[in-house]
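# Descriptive analysis of the structure
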Amino acid sequence: MADAPPKVNVTIVGGGTAGWMTAAALVKLLPTRCNVHLIESEAIGIVGVGEATLPHIRAFNERLGIDEAEFMATTRATFKLGIEFDNWGRIGDSYIHPFGTFGRGSGEPDFHQYWLRLRQAGHDVPDLENYSLACMMARLNRFALPNPDPDELTSTFGYAYQFDATLFAPYLRRFAEGLGARRTEGRIVDVLRDGESGDVTGVKLESGETIGGDLFIDCSGFVSLLLGRALGEPFQDWSKWLPNDRATAMPCRTETALTPYTGVIAMEAGWRWRIPLQHRTGNGYVYASAFLSEEKAAEALVAAVEGEPLAAPRVLKFKAGRRERSWVGNVVGVGLASGFLEPLESTSIYLIQAAITALLELFPDGPVSPVLRDEFNRLVDLEYDRIRDFLILHYHATERTDSEFWNYVRTMEIPDTLEEKMELFRRRGRVVKYREGVFLDASWIAVYLGQRVIPEGHDMRADAPDAEALLRAMETFRREVRATAEAMPDHRRHIETYCPMAA
Amino acid sequence: MDGKAIRHVLVAGGGIVGWSCAAMLRKRIPALAVTVLPVAPPPDALADRVQATLPTIVYFHNDLGLTEADTVVRAGSGFRLGTLFEGWAEGMPGYVHAYGEHGRPFGTASFHQHWVRAALAGEAAPFDAFAPAAALGRAGRFAHPEAGGAYAYGLTLTPERYRHLMRAYALHLGAIERPGDIAQVRLAGEDGRIEGVELAGGGAVEADLFVDATGPRALLRGALGLRLEEWGQWLPCDRLVMREAPPAAEPPLLDIAVAEAAGWRWRSSSPALATEGRVFSSAHEPEADGAVTLRQGRVAQPWLGNCVAIGDAAVRVEPLEWANLHLAHSAIDRLVAMMPDRDFSPVETWDYNRQGVAEADRVRDFLALHYRASRRSEAFWRDAAAAEPPPSLAHTLALFRERGRLPIYDEESFNRDSWLAVLLGQGLLPRAADPLIEIVPPDESAAAMARMRSAVAAGVPGVPTHAAYLSSLSRQAAR
């Protein structure tokens, strides 16, 4: 066999969640192929967005061999079964986007089609969330690990974590450094480039030291030091559809139940998150500065949080969109350096993970191959674009008329790709199925129905069973879901026995 | 909404496709009245005539509520586990495209990456040696796989008996047969819809929705005007000859597809009937008696207005890989799942066509791969291998070549194992092994692969022969 190619020197610019996730994955999974050197400055804070995650993060942790209970105790994590959306369709509305199915999630047509049929025939069947175990567990504040046997009702949900992102990066740093990642403390003052190819050849630190590399991973956050600033990769601005450009964050003491879900509450000019951790509750108000001032946002946040504030409100600025390409030359943007989508559906860490997964599978074994680079960009773009449509849906599918913000998003033009999806759902509850993409059918169904996009018709296959028999079967299933959820332990109790944080 | 519901569907086509469609419509949407015009399928309607079918037929039968006592025992079908390809790449042994897994993932990557590393070092056993279906198929043995098992199977039909079964079943489910040839398709004004079909023997049939299963002539859908996107530049064969032959004593589990000077020939056999066929390029070989013309391609918009083309009326491909009836079944499933109302909203038609077109194009890619990855010295094959592939296939090949990765598109009919069986079977290898497997030392990979290969081989002797298995099914069905 041919000699192994020389190792690729990977220089990661920026610590934080993106930087340390990338470093950890590379040293763990490609130890023979790369040397990892991460540069970060303690003077630059980490944004620490993405305290709430999607179930995919479990696959990332498993691949790295991270012990779940230890990880959860260290990051003071709680379990997450979905997201509760309040006041989105109308003020007073509430629905859950579950990490799980409606019905048993097997068979054709989808469960919601039977539900639609009965509703359209005038039957007074309960809301769809009553037929989802994940939703019922969330409503009752219960948690137990899912059953791997697909025939069991208790296999019909997944889960993610709500954790302290400022503890996740240090946790991964210990992991990565333990496996040989190098770290240099320092501020980058200049980016050196090859005059001919335009590739980045090194970064110069404040100390005068220059750090070279073959492949540069830009994890510098919004500033996008390499991809945006040095290489000038254009930014696709999506703020006409996603006008929110500020977040005011402020943690507080947890006063109410430790919910196994993230709260997302629509506000006058945006929305507010509520993320319960073991030791505190994270809160933030994401809003559009065109519709609300910083002062008013902070006031509204302080008035809304449930417990004693643990810090003063802190403001973050951003803009929705992504770089035209995430991988340019020998620079790969991961995380905020490549794009930003507001954390409405907890996608920040997912997008980091998707980029890392693609990078691992397409990792260069010499000079960067255009085929691999283009494939990376195709995969990353696909993720951004599909999440974008899903987020826009939340704003556009509203009946709210109580503020300028809601009037704008309710009446704005939306991308054709979303227009088609919504029209298909309105006709007969059909969800466009994709093989790839993070949000599957149940997610779309939850948001459509939760925000009053009600189909006119239904899948004709749902008419096959006899109406009385169907009503009985659905009622039996609803009771089974309820009883199964009620038999599970309380969320806080499960955490106390499984993964309590150090006192 | 109910006032706009489709109530009456007319299915034109008395072959397997037409009757299967009628049966599925009645089964899944009992509220529909279904009339069948049993127009005889012409010789070039391959979905109605080709014996070999893909594993998806099993799901189709399940959805219909048909058991193998009917579809296998009574209809005279046999099982099939794949196809043996011979002569497609000179210097390479024949290979089996078998259904189901080829090895199992271990360590940090999928199985084939380990295999590729060994192959690049010149130390790999044939890729199909790791596929249980290939081992069983070569040995002529068959039993149903366990649930979630390591292989899948299709059926080899006895087409005329199968057609009778499907007709009887559709009629049993309440479809109405209306004999008579189509004299004229009557259009409704200018809105691009069909109003009714006038029959040669007098009388007419009206309906809300018209399904065209009449084969490449597309007697209904053609009346609305259609454009065929032709695939001749990638699938260069344009003639087909097919004849029946007596069945083999022990029906094979693998069909055989042998490359010839200007095309390929096949043989498949159910317990009751064998077929021998030949597909070739008329530009490279003299005409043969009884050859039918094959214009491979797909209709740009299979569904237009109130008419949907299914089977060869929508997509025509050579029987290589036996996708013909599979594509028809998939279209029937899609029709039943997406049944619109009499508004025929453009967005619903668009979504149906989007899926059907994507599916057909990827089948085209998979078939074109066999030509692109061929290695033979004749002019026909040199040209076929040199033809610039369609962009989606070019993308697949470039990624495979670079990293052994296979992008999987939406609406894919053939899974990764199938793509790999053909790519690796015809001798295409990635430039280098995937870096992700490097943390598994080569000798560990080799040991794991050797264990898997032995397990596959060890699984064969305990399994009954195909004929013995079919007899036991017959006895069970008779009980």
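Residues numbered from 1 in each chain as written. Chains lettered and ligands numbered in written order. Predicted model: local features only at pLDDT ≥ 70, side-chain atom pairs only at ≥ 80, totals over all residues.

## What about the overall build of chain A?
Keep this limit in mind: The secondary structure listing takes helices from DSSP runs of H or I that are at least 4 residues long and strands from runs of E that are at least 2 residues long, numbered from the N terminus. Throughout, the radius of gyration refers to the C-alpha atoms, and the reference size of a globule is 2.2 Å times the residue count to the power 0.38. The exposure scheme places C-beta atoms from the backbone and then counts, for each residue, the other C-beta atoms within 10 Å of its own, assigning buried at 20 or more, exposed at 12 or fewer, and partly exposed in between. Residues are scored as being in contact if the C-beta atoms we place from backbone atoms lie within 7 Å.
When helices and strands are tallied, chain A shows 15 helices and 21 strands. Taking 23 Å as the expected radius of gyration for a compact globule of 503 residues, we find that chain A reaches 23 Å, a close match to that expectation. The C-alpha extent of chain A, read off along each of the three principal axes, is 75 × 55 × 50 Å. Within chain A, buried positions represent 52% of all 503 residues. When contacts within chain A are restricted to residue pairs at least 6 apart in sequence, those whose partners lie at least 24 apart make up 76%.

## Remarks on the overall build of chain B
If you tally the helices and strands in chain B, you get 14 helices and 21 strands. Against the compact-globule benchmark of 23 Å for 479 residues, chain B has a radius of gyration of 23 Å, which places it among compact chains. For chain B, the C-alpha atoms occupy an extent of roughly 75 × 55 × 50 Å along the three principal directions. Split into buried and exposed, the 479 residues of chain B put 52% on the buried side. Counted over contacts in chain B with a minimum sequence separation of 6, partners at least 24 positions apart contribute 78%.

## A closer look at the sheet that holds strand S18 (residues 297–299) of chain B
All names here are of chain B. Rules: Note on pairing: DSSP must find at least two bridges between two strands before they are called paired.
Spatial ordering of the open sheet is given by S12-S18-S21, a layout of 3 strands whose pairing is antiparallel. Whereas interior strands pair on both sides, the edge strands pair on one side only; in this sheet they are strand S12 (228–230) and strand S21 (315–316). Of the strand pairs in this sheet, S18 and S21 are connected by 2 bridges, and their pairing is antiparallel. Its bridge partner lying in S21, Arg 298 is registered against Val 315.

## As for the confidence of the model for chain B
The criterion, for reference: A score between 0 and 100, pLDDT records how confident the predictor is in each residue.
A residue-level look at chain B finds 100% of positions with pLDDT of 70 or above and a mean pLDDT of 95. For this predicted complex, the interface confidence reaches an ipTM of 0.93, while the overall pTM sits at 0.96.

## Notes on the packing of helix H9 (residues 348–361) of chain A against helix H10 (residues 370–396) of chain A
Residue and element names in this part refer to chain A. We count it as follows: In this analysis an axis means a line fitted to C-alpha atoms, helices contributing only their contacting stretch, and an angle means the value between N-to-C directions, from 0 to 180 degrees. Comment on the angle field: the value is read as roughly parallel under 35 degrees, roughly antiparallel over 145, roughly perpendicular from 65 to 115, and oblique elsewhere. Left-handed is the label given to a crossing in which the near helix is rotated counterclockwise from the far helix by less than a right angle, and right-handed is the label when the rotation is clockwise. Each residue gets one label: Ala, Val, Leu, Ile, Met, Phe, Trp, Tyr, Cys and Pro are nonpolar, Asp, Glu, Lys and Arg are charged, and the others, such as Gly, are polar.
Two numbers describe how H9 lies on H10: the axes approach to 10 Å, and their chain directions differ by 160°. As judged from the angle between their axes, H9 and H10 are roughly antiparallel. Crossing of H9 over H10 shows right-handed handedness. On H10, the residues that touch Leu 351, Ala 354, Ala 355, Ala 358 and Leu 359 of H9 are Phe 376, Leu 379, Val 380 and Glu 383. When grouped by side-chain class, the residues that make up the contact of H9 with H10 number 8 nonpolar, no polar and 1 charged.

## Quick look at the interface of chain A and chain B
Between chain A and chain B, the contact holds 31 residues from the first and 28 residues from the second. Elements with a contribution of two residues or more to the side of chain A that touches chain B: H9, H10 and helix H12 (416–428) of chain A. In terms of residue count, the dominant contributor to the side of chain A that touches chain B is H12(A) (4 residues). Residue classes in the side of chain A that touches chain B are distributed as 15 nonpolar, 3 polar and 13 charged.

## Some thoughts on the sheet that holds strand S9 (residues 193–199) of chain B
Residue and element names in this part refer to chain B. A sheet is described by the order of its strands in space; here 3 strands give the open sequence S8-S9-S10, paired in antiparallel fashion. One side of each edge strand has no neighbouring strand; the edge strands of this open sheet are strand S8 (182–188) and strand S10 (204–206). Here the strands of the sheet are splayed against their neighbours by 25° on average, with no regard to which way each runs. Bridge count for S8 against S9 is 6 bridges, and the pairing is antiparallel. When the bridges of S9 are listed, Leu 187 appears paired with Ile 194.

## Description of the pairing of strand S9 (residues 200–205) of chain A
Residue and element names in this part refer to chain A. Strand direction decides the pairing type here: strand S8 (residues 188–193) and S9, joined by 5 bridges, are antiparallel. Paired with Ile 188 across the bridge in S9 is Leu 205. From the end of S8 to the start of S9, which pair antiparallel, there are 6 residues, and Gly 198 there has a positive phi angle of about 80°. Sheet analysis places S9 next to strand S10 (residues 210–212), joined by 3 bridges and oriented antiparallel. Paired with Gly 202 across the strands is Gly 212, a residue of S10.

## Remarks on the nonpolar core
The test is simple: Take the buried Ala, Val, Leu, Ile, Met, Phe, Trp, Tyr and Cys residues, join any whose C-beta atoms are within 7 Å, and the set you get is a nonpolar core.
Counting 149 residues, the largest nonpolar core has A:Val13 and A:Ala23 as its most contacted members. With sequence-adjacent residues up to four places away left out, A:Val13 is seen in contact with A:Ile39, A:Ile188, A:Val203, A:Phe216, A:Ile217, A:Asp218, A:Cys219, A:Ser220, A:Leu225 and A:Leu226. Counting residues in each nonpolar core, the second largest holds 142 residues, with B:Val9, B:Val11, B:Phe85 and B:Ala134 among its members.

## Regarding the pairing of strand S5 (residues 95–98) of chain B
All names here are of chain B. Residues of S5 alternate between two faces, with Tyr 95 and His 97 on one and Val 96 and Ala 98 on the opposite face, all of them buried. Note that strand S4 (residues 82–86) and S5 share 4 bridges and pair antiparallel. The partner of Gly 82 across the bridge, within S5, is Ala 98.

## Points about unusual backbone geometry
Residues and elements named next belong to chain A. Pro 109 follows Glu 108 through a cis peptide bond whose omega is -5°. Locating Pro 109 in the fold gives a position in the loop between strand S5 (94–98) and helix H4 (111–120). Phi at Asn 87 is positive, roughly 70°, even though this residue is not glycine. Its place among the elements puts Asn 87 in the loop between strand S4 (82–86) and S5. If you check the backbone angles, Ser 224 has positive phi at about 45° while not being a glycine. Within the fold, Ser 224 resides in the loop between strand S11 (215–218) and helix H7 (225–230).

## Some words on helix H14 (residues 467–486) of chain A
Residues and elements named next belong to chain A. Rules: A helix's residues, less one, multiplied by 1.5 Å, set its expected span. To obtain the arc, one takes the directions from the helix axis to the C-beta atoms.
Helix length check: H14, at 20 residues, gives a terminal C-alpha distance of 29 Å against a target of 28 Å (1.5 Å per residue), a fit within 8%. Taken residue by residue, H14 has Met 474, Val 481 and Ala 485 as its buried positions. The buried residues of H14 all sit within an arc of 25° when viewed along its axis, so they share a single face. Set apart from the buried face of H14 by more than 90 degrees, the exposed residues are Glu 468, Ala 469, Arg 472, Thr 476, Arg 479, Ala 483 and Glu 486. Those residues of H14 hidden inside the fold are in contact with H4 and helix H5 (133–139).

## Overview of the environment of B:Glu412
Mapping B:Glu412 onto the fold places it in the loop between helix H11 (391–403) and helix H12 (416–425). In sequence terms B:Glu412 and B:Asp361 are 51 residues apart; their C-alpha atoms lie 9.1 Å from each other.

## Notes on the packing of helix H1 (residues 16–29) of chain A against H9(A)
All names here are of chain A. With their axes 10 Å apart at the nearest point, H1 and H9 run at an angle of 30° to one another. Between H1 and H9, the angle is such that the two are roughly parallel. Crossing angle aside, the handedness with which H1 passes H9 is right-handed. In contact with Thr 17, Ala 18, Met 21, Thr 22, Ala 25 and Leu 29 of H1, H9 contributes Ile 349, Ile 352, Gln 353, Ile 356 and Leu 360.

## A few points about the environment of B:Tyr409
Residues and elements named next belong to chain B. Mapped onto the secondary structure, Tyr 409 falls in the loop between H11 and H12. A count of 16 C-beta atoms within 10 Å places Tyr 409 in the partly exposed class. Sequence spacing of Tyr 409 and Ser 392 is 17 residues, and the spatial spacing of their C-alpha atoms is 9.1 Å. Among all residues touching Tyr 409, those that are not within four sequence positions of it are Ala 358, Arg 362 and Ser 392.

## Notes on the environment of B:Leu120
Mapped onto the elements of the fold, B:Leu120 is located in helix H5 (residues 111–120). On the basis of neighbour count, B:Leu120 is assigned to the partly exposed category, with 17 C-beta atoms found within 10 Å.

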